[in-house]
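Now for the letters of each chain:
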Amino acid sequence: MKLLDMTLKYGNATHDYPFSPYAVPEGFRGKPEYEYDLCIGCTACAVACPSNAMNVELNEAKDKLVWEFDCGRCIYCGRCDEVCPTGAIRLGQNFETAVRFNKEDLIETGELELEHCLKCNKAFTTKKLIAYCVQNFLKVGWTQEVIDEKTKYIQTCPECKKHDAAGLITDYKGARR
Ligand code: SF4
Ligand code: SF4
C-alpha cells in the first residue's frame with residue numbers, strides 16, 4: 001500500500017521512449033552536427049579530437065582538403081565544438097546514432113577547395129581559410145596596401161616562408177660582417 005501511495009503521489013518516474021520522443025536536457029552532448037558552408041578547413045577539430053573521430057587530410061589527387069567525421073569513434077567530449085572558430089561543428093541533441101547494416105554510414109565527409117602557394121604552386125591550405133583571414137584583416141582597419149601584403153604572405157606555403165626567412169638571416173649575418 002505504501003508503494004501505491006508513493007506512486008500516486010509522485011506519478012511516473014520513467015519515460016515511455018521509444019514510443020514517444022525523448023526531450024534531452026539543456027547542455028546535452030549529442031552527435032556533433034557539421035555545417036559544411038561554415039567550415040573553412042582550419043583542421044582545429046581534427047587536432048583537438050582525442051579519439052581520431054575527426055580527420056582532415058589534404059588529398060592532392062583530388063586537389064581538395066577532405067574533412068571526415070566517423071561517428072562510430074566519437075566519445076561526445078565536445079572538444080571539436082570548443083575549438084571550431086566558425087561554429088561549423090556543434091554538438092547537437094541527436095542521440096539516436098545507430099545505423100542498420102553498414103558502418104560506413106556513420107561517416108560524414110566534406111571537401112574543400114585547395115589554395116596553392118604563390119611561390120611554388122604547392123597546395124597547402126584551403127581557399128576558404130584564406131578568405132576567412134582576409135575578412136578578419138578588413139575588420140582590423142588596415143590600409144588596402146597592408147592587407148594586400150599580408151594576403152600575399154598567407155598565400156605562401158610554410159616551406160617557402162621558411163626558405164625566405166633563411167635568406168633574411170643570411171643577409172642579416174652578412175650585413176654584420
Ligand atoms: S565530440 Fe570529441 S570525440 Fe567526438 S568528434 Fe568531437 S572532439 Fe572528437
Ligand atoms: S574546426 Fe571547424 S572550421 Fe575548422 S576544420 Fe573543423 S569544422 Fe571546419
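Here the structure is a predicted model, which is why all the values come from computation and not from measurement.

Chemist: Tell me about the sheet that holds strand 3 (residues 64-70), residues and numbers included.
Modeler: Taken together, four strands build an open sheet; the order of strands is 2-3-5-6 and the sheet is antiparallel. Only two strands of the sheet have a single neighbouring strand rather than two, namely strand 2 (54-59) and strand 6 (123-126). Taking the axes of each pair of neighbouring strands and ignoring which way they run, one obtains an average angle of 35° across the sheet. Sheet topology places strand 5 (residues 107-116) next to strand 6; three bridges connect them, and they run antiparallel. The residue of strand 6 that forms the bridge with His 116 is Ala 123. Most of the contacts of helix 4 (residues 127-140) go to strand 6, to which it runs at about 60°, and overall it touches strand 5 and strand 6.

Chemist: Please provide a residue-by-residue account of the nonpolar core, values included.
Modeler: Nonpolar side chains in soluble globular proteins tend to end up buried together. Ranked by size, the top nonpolar core spans 21 residues in total, and within it Cys 45, Met 54, Cys 80, Cys 84 and Ile 89 carry the most contacts. Listed by contribution, the elements that provide at least two residues to this core are helix 2 (44-48), strand 2, strand 3 and strand 5. The dominant element in this core, judged by the number of residues it contributes, is strand 3, at three residues. If sequence neighbours within four positions are ignored, Cys 45 has contacts with Met 54, Cys 80, Val 83, Cys 84 and Ile 89.

Chemist: Break down helix 4 for me, with residues and values.
Modeler: The terminal C-alpha atoms of helix 4 lie 20 Å apart, and with 14 residues this matches the ideal 20 Å at 1.5 Å per residue to within 8%. Downstream of helix 4 by a residue or two, Gly 141 has a phi angle that is positive, lying close to 90°.

Chemist: Quick one: what's the story with unusual backbone geometry, residue by residue and with numbers?
Modeler: Between Tyr 17 and Pro 18 the backbone carries a cis peptide bond, its omega angle lying at 10°. As for its position among the elements, Pro 18 is in the loop between helix 1 (2-10) and strand 1 (32-34). In this structure, Thr 43 is a non-glycine residue whose phi angle is positive, near 75°. A count of 19 C-beta atoms within 10 Å places Thr 43 in the partly exposed class. Of note, Asp 63 is a non-glycine position whose phi angle comes to about 55°, a positive value. The topology assignment puts Asp 63 in the loop between strand 2 and strand 3.

Chemist: Can you break down the site of ligand 2 residue by residue, with the values?
Modeler: Taken together, 14 residues surround ligand 2, and among them Cys 39, Cys 42, Cys 45, Cys 84 and Ala 88 come closest. Taken together, the residues of the shell around ligand 2 sort by class into 11 nonpolar, three polar and no charged.

Chemist: Lay out the pairing of strand 5 in plain terms, naming residues and giving numbers.
Modeler: With seven bridges joining them, strand 3 and strand 5 adopt antiparallel strand pairing. Within strand 5, the position partnered with Leu 65 by the bridge is Leu 112. Here strand 5 folds back onto strand 6, and the loop between the two strands holds six residues, one of which, Asn 121, carries a positive phi near 70°.

Chemist: Explain the packing of helix 4 against helix 5 (residues 144-154) to me, and be specific about the residues and the numbers.
Modeler: It is the contact of helix 4 with helix 5, at a shortest axis distance of 10 Å, that shows an interaxial angle of 155°. Overall, the two elements helix 4 and helix 5 adopt an arrangement that is roughly antiparallel. Classified by chirality, the crossing of helix 5 by helix 4 is right-handed. Residues Ile 130, Cys 133, Val 134, Phe 137 and Leu 138 of helix 4 form the contact with helix 5, whose participating residues are Ile 147, Lys 150, Thr 151 and Ile 154. When the residues that make up the contact of helix 4 with helix 5 are grouped by side-chain class, the tally is seven nonpolar, one polar and one charged.

Chemist: Can you break down the pairing of strand 2 residue by residue, with the values?
Modeler: Across six bridges, strand 2 lies against strand 3 in antiparallel orientation. Residue pairing in the sheet places Val 56 in a bridge with Trp 67 of strand 3. The loop that links strand 2 with its antiparallel partner strand 3 comprises four residues; one of these, Asp 63, has a positive phi angle of about 55°.

Scoring rules and cut-offs
Along each chain, numbering runs from 1 in the same order as the chain's sequence is written. Written order decides the labels, with chains lettered from A and ligands numbered from 1. Since the coordinates come from a predicted model, pLDDT governs what is reported: local features require at least 70, and pairs of side-chain atoms require 80 or more to be given and counted, while whole-chain, interface and lining totals use all residues. Note: two strands are recorded as paired if DSSP finds a minimum of 2 bridges between them. Strands are runs of DSSP state E lasting at least two residues, helices are runs of H or I lasting at least four, and both sets are numbered from the N terminus onward. Each axis is a line fitted through C-alpha atoms, and for a helix only the stretch in contact is used; angles between axes span 0 to 180 degrees, taken between their N-to-C directions. By the convention adopted here, residues are in contact when the distance between their C-beta atoms, placed from the backbone, does not exceed 7 Å. In this description, a nonpolar core means buried residues of the types Ala, Val, Leu, Ile, Met, Phe, Trp, Tyr and Cys, linked to one another by C-beta atoms lying within 7 Å. Exposure criterion: with C-beta atoms placed from backbone coordinates, a residue whose C-beta has 20 or more other C-beta atoms within 10 Å is buried, one with 12 or fewer is exposed, and one in between is partly exposed. Between the first and last residue of a helix there are one fewer steps than residues, each counted as 1.5 Å, and that sum is the expected span. The criterion for a residue being near a molecule or strand is simple: its C-beta atom, placed using the backbone, must lie within 6 Å of it. Under the scheme applied, nonpolar residues are Ala, Val, Leu, Ile, Met, Phe, Trp, Tyr, Cys and Pro; charged residues are Asp, Glu, Lys and Arg; polar residues are all the others, including Gly. An angle below 35 degrees is treated as roughly parallel, one above 145 as roughly antiparallel, one from 65 to 115 as roughly perpendicular, and anything else as oblique. Handedness of a crossing follows from how the near helix is turned relative to the far one, being left-handed for an anticlockwise turn of less than a right angle and right-handed for a clockwise one.

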